[in-house]
Amino acid sequence: MASEGLAGALAAVLGGQGLNVHSCDSVPAGEPRAPVRLRKNVCYVVLAVFLNEQDEVLLIQEAKKECRGSWYLPAGRMEPGETIVEALQREVKEEAGLHCEPLTLLSVEERGPSWIRFVFLARATGGNLKSSKEADAESLQAGWYPRTSLPTPLRAQDILHLVELAAQYRQQARHPLILPQELPCSLVCQRLVATFTSVQTVWVLVGTVGMPHLPITACGFTPMEQRGGIKMAILRLLQECLTLHHLAVETKGLLGLQHLGKDHADGVCLNVLVTVAFRNPGMQSEPPKVRGENFFWWKVMEEDLQSQLLQRLQESSVVPVNR
């Protein structure tokens, strides 16, 4: 991929689109690269935040024995063969009785690559709100409640932050609308838009094995990578080509998300914006030296791409990733 191809790939990723995953530039040492499988070695959870014109939140009352009677946002585990959007729509229909469409990804939460939760801002498109007469194993009922006066007890306090995140997004969107792109992937991996900036110039790290491309790192399932979270895979790749002890690396957040779920393709690819900077900038105006021949820094010359990158970096215009 020449400079034009790199520019096209970067434009696609910045636009929330996906790119096929052909191979990985970094993989965990000594770990078999078996495809990930839902219910075997990975668990994906979907969660929806609904806010209506009266600033009310859609909540469901739990039916599960361990939390029966408590309130929570519509959420649940994805099933094999589902896309992320299909799983979200199924869970909302089962628990709240409503048809819906996701508007944007709001947040991604992880406990290492084996457990990832996708949080969406969504809107109802039809159906009938589930009443207490329709109570079943999925939920006891659903209802709309004022955002500032939610019912108690809540199943967990973690939804309070997500409700506020949705309200803030509705008031002033921090990032463009981002929805999952349906592209197959066999692993949990991350495509890096790893940037170095100096004044108004941006460099992006590029992998050279095969055609030049935005590098991809596979997440590992060793205890260390599980404990450290998905950022461990990012640091592993950067460590393979840069001397990190004098550098500051920050994962800003997601530019996009890829998953298919069909034909046993249970993997997911997160397109991640990362910054690399010198701990002591001084007079450093060039990116840190790359070791080996598998990577290089590409100076982004296209004004539109450069301004897009600078804007996304300066405003943290990305989907947050939380542990």
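What counts and how
- Residues numbered from 1 in each chain as written.
- Predicted model: local features only at pLDDT ≥ 70, side-chain atom pairs only at ≥ 80, totals over all residues.
- Heavy atoms only, no water.
- Helix = DSSP H or I, 4+ residues; strand = E, 2+ residues; numbered from the N terminus.
- Buried < 20%, exposed > 50% of the residue type's maximum accessible area, 1.4 Å probe, protein only.
- Contact = heavy atoms within 4.5 Å.
- Areas by Shrake-Rupley, 256 points an atom, 1.4 Å probe, with all protein chains shown as cover.
- Lys, Arg positive; Asp, Glu negative; His and termini not counted.
- Charge placed at Lys NZ, Arg CZ, Asp CG, Glu CD.
- Pairing = 2+ DSSP bridges.
- Axes fitted to C-alpha atoms, helices over the stretch in contact; angles between N-to-C directions.
- UniProt positions renumbered as here; feature names shortened; annotations may be inferred.
- Expected span 1.5 Å × (residues − 1).
- Arc of directions from axis to C-beta.
- Domains from an automatic or database assignment.
- Buried area = accessible area lost by both parts, 1.4 Å probe.
- Salt bridge = Lys/Arg side-chain N within 4 Å of Asp/Glu carboxyl O.
- Polar contact = N/O pair within 3.5 Å; in protein donor to acceptor, adjacent residues only side chain to side chain.

Let's talk about the overall build of the chain
Of regular secondary structure, the chain possesses 6 helices and 14 strands. With respect to the principal axes defined by its C-alpha atoms, the chain has extents near 65 × 40 × 35 Å. A total of 323 residues make up the chain; the buried ones form 52% of that total. Of all intrachain contacts in the chain linking residues separated by at least 6 positions in sequence, the fraction that spans at least 24 positions is 74%. As displayed, the chain has an accessible area near 15000 Å², and 50% of this comes from carbon and sulfur atoms. Averaging the positions of the 31 positive and the 34 negative side-chain charges in the chain gives two centres separated by 6 Å.

Re the sheet that holds strand β5 (residues 98–110)
Pairing in this open sheet of 5 strands is mixed, and the strands run β4-β1-β6-β5-β14 from one edge to the other. Every interior strand has two partners, whereas the edge strands, β4 (75–77) and β14 (321–322), have only one. Examined bridge by bridge, β5 and β14 share 2 bridges and lie parallel to one another. Directly across from Val-108, in β14, lies its bridge partner Val-321. Across the sheet, helix α2 (residues 84–96) lies against β1 (43–50), β4, β5 and β6 (115–127), angled at about 115° from β5, the strand it touches most.

Considerations on the UniProt feature "domain: Nudix hydrolase" (unreviewed entry) in the chain
As annotated in UniProt, the feature "domain: Nudix hydrolase" (unreviewed entry) corresponds to residues 37–167 in the numbering used here. Span residues 37–167 is 18% helix and 39% strand, its end C-alpha atoms 34 Å apart.

What about α2?
The end-to-end C-alpha separation of α2 is 18 Å, in line with the 18 Å expected for 13 residues at 1.5 Å each. When we look at burial in α2, the residues that qualify are Ile-84, Ala-87, Leu-88, Glu-91, Val-92, Glu-95 and Ala-96. Taken down its axis, α2 places every buried residue within 130° of arc, on the same side. Just downstream of α2 lies Gly-97, where phi reads positive at about 85°.

Topic: the pairing of strand β9 (residues 201–207)
In terms of burial, β9 is a largely internal element, 6 of the 7 residues being buried. Of the pairings in the sheet, the one linking strand β8 (residues 188–198) to β9 comprises 4 bridges and is antiparallel in character. Residue pairing for β9: Ser-198 is matched across the bridge by Thr-201. The antiparallel pairing of β8 with β9 creates a hairpin that spans 2 residues between the two strands, and Val-199 there sits at a positive phi of about 55°.

Describing the domain arrangement of the chain
Segmenting the chain into domains produces domain 1 (9–37 + 178–218 + 225–313) and domain 2 (43–171). Placing the centre of domain 1 and that of domain 2 at their C-alpha centroids yields a distance of 31 Å. The interface is formed by 19 residues belonging to domain 1 together with 21 residues belonging to domain 2. Between domain 1 and domain 2, a total of about 1600 Å² is buried, with carbon and sulfur atoms accounting for 65% of that surface. The tally of links from domain 1 across to domain 2 stands at 1 salt bridge. The salt bridge involving Glu-86 is made with Lys-262; its shortest N-O contact spans 3.0 Å. Taken together, the links from domain 1 to domain 2 amount to 8 residue pairs in polar contact (both at pLDDT 80 or more). Only α4 (223–228) and β11 (247–259) provide two or more residues apiece to the side of domain 1 that touches domain 2. The greatest single-element share of the side of domain 1 that touches domain 2, amounting to 3 residues, is contributed by β11.

Description of unusual backbone geometry
With glycine set apart, most residues show a phi of negative sign, and most peptide bonds adopt trans. Note the cis peptide between Thr-152 and Pro-153, where omega equals 0°. Position of Pro-153 relative to the elements: it lies in the loop between β7 (141–146) and α3 (158–171). Phi angles above zero are rare outside glycine, and Arg-39 is one such case at about 75°. You can see Arg-39 is positioned in the loop between α1 (3–14) and β1. The backbone of Asp-55 shows a phi angle near 60°, a positive value even though the residue is not glycine. Positionally, Asp-55 belongs in the loop between β1 and β2 (56–61).

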